Amino acid sequence: MPDASAVLVAPSVLAADFARLGDTLAGLEAAGADWVHLDVMDGRFVPNMTFGPPVIAAMRPHTRLPFDVHLMIVEPEKHLEAFAAAGADAITVHVEACTHLHRTLAAIRALGKRAGVALNPATPIAGLAYVRDLLDLVLVMSVNPGFGGQSFIPAVLPKITALRELAGLAGPPLRIAVDGGIDAHTAGQVVAAGADVLVAGSAVFGAADVGGAIGRLRAAALD
């Protein structure tokens, strides 16, 4: 289990008001966020569409917080340079979408970005040990990706614990993030299992006070 006081909170702008993204991003740092989580969906890998590099580039001037870009797209390797140029600090690809995962992660790191792998709820961690030397982040999906506001799937908790063991293998420092149904009730469970990054959308942007919502997530991580 990681030090709960070092847990990061990464609000997912998928749940924000897209008409006010500039103001929203400008306020996140003051509200206590650590990263900004950006969900990129193509309508093929997942049944929804969001935004691409031009929108991320437009967001970039509005905050100094790191951009954690989660690519829920097919053939992500074809678009890495565009997302890097748009302002991504970390780029996470789905293992299910990558035929050549090792090559894709190496390409992300060659662009000077942190490299991450996302796992759908039913996807095991088998194989990640073989790319551990290229991994900076593993994102555990605790809902089936594609839409915000879904309920947390408890069956992913043992996967998080197994990934904490993977983090102990030789390689760069490894962050374990969890995305889907994260709120003040589930944050403590995933941190106890081994996570150290909380990706939360509805729990943050659905609250009247974004700073208060982020504070509640931190407090839950310490319980």
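Here, the structure is the one placed above.
This report concerns the structure included in the present document. (Residues numbered from 1 in each chain as written. Predicted model: local features only at pLDDT ≥ 70, side-chain atom pairs only at ≥ 80, totals over all residues. Heavy atoms only, no water.)

## Focus on helix 8 (residues 210–222)
For the record, the criterion: What counts as a helix is a DSSP run of H or I of at least four residues, what counts as a strand is a run of E of at least two, and both are numbered from the N terminus. To estimate the expected span of a helix, count its residues, drop one, and scale the result by 1.5 Å. For the exposure calls, accessible area comes from a 1.4 Å probe over protein chains only, and a residue counts as buried if that area is under 20% of its type's maximum, exposed if over 50%, partly exposed in between. Throughout, a residue-residue contact means that at least one pair of heavy atoms, one from each residue, lies within 4.5 Å. Under the rule applied, a polar contact is a pair of N or O atoms within 3.5 Å (in protein, one hydrogen donor and one hydrogen acceptor; residues adjacent in sequence only if both atoms are side-chain atoms).
Look at helix 8: 19 Å from first C-alpha to last across 13 residues, which is about the 18 Å you get at 1.5 Å a residue. Three or more residues of helix 8 are buried, namely Gly212, Ala213, Ile214, Leu217, Ala220 and Ala221. Lining the buried residues of helix 8 we find strand 1 (8–11), helix 1 (21–31), helix 6 (187–193), strand 8 (197–200) and helix 7 (202–205). The opening residue of helix 8 is Asp209, an N-cap whose side-chain oxygen sits 3.2 Å from the backbone nitrogen of Gly211.

## Some remarks on the sheet that holds strand 1
For the record, the criterion: Whether two strands pair comes down to DSSP finding at least two bridges between them. In this analysis, axes come from line fits to C-alpha atoms, helices being fitted only over the stretch in contact, and the angle between any two N-to-C directions falls in the range 0 to 180 degrees.
Strand order in this open sheet of eight strands is 1-8-7-6-5-4-3-2, and the pairing throughout is parallel. Of all strands in the sheet, those with a lone pairing partner are strand 1 and strand 2 (36–41), marking the two edges. Each strand axis lies, on average, 25° off the axis of its neighbour in the sheet, ignoring direction. Where strand 6 (residues 137–141) meets strand 7 (residues 175–179), five bridges bridge the pair, whose relative direction is parallel. Within the sheet, the bridge partner assigned to Leu137 lies in strand 7 and is Arg175. Contacting strand 4 (90–94) and strand 5 (114–119), helix 4 (residues 101–110) runs over the sheet at an angle of about 145° to strand 5.

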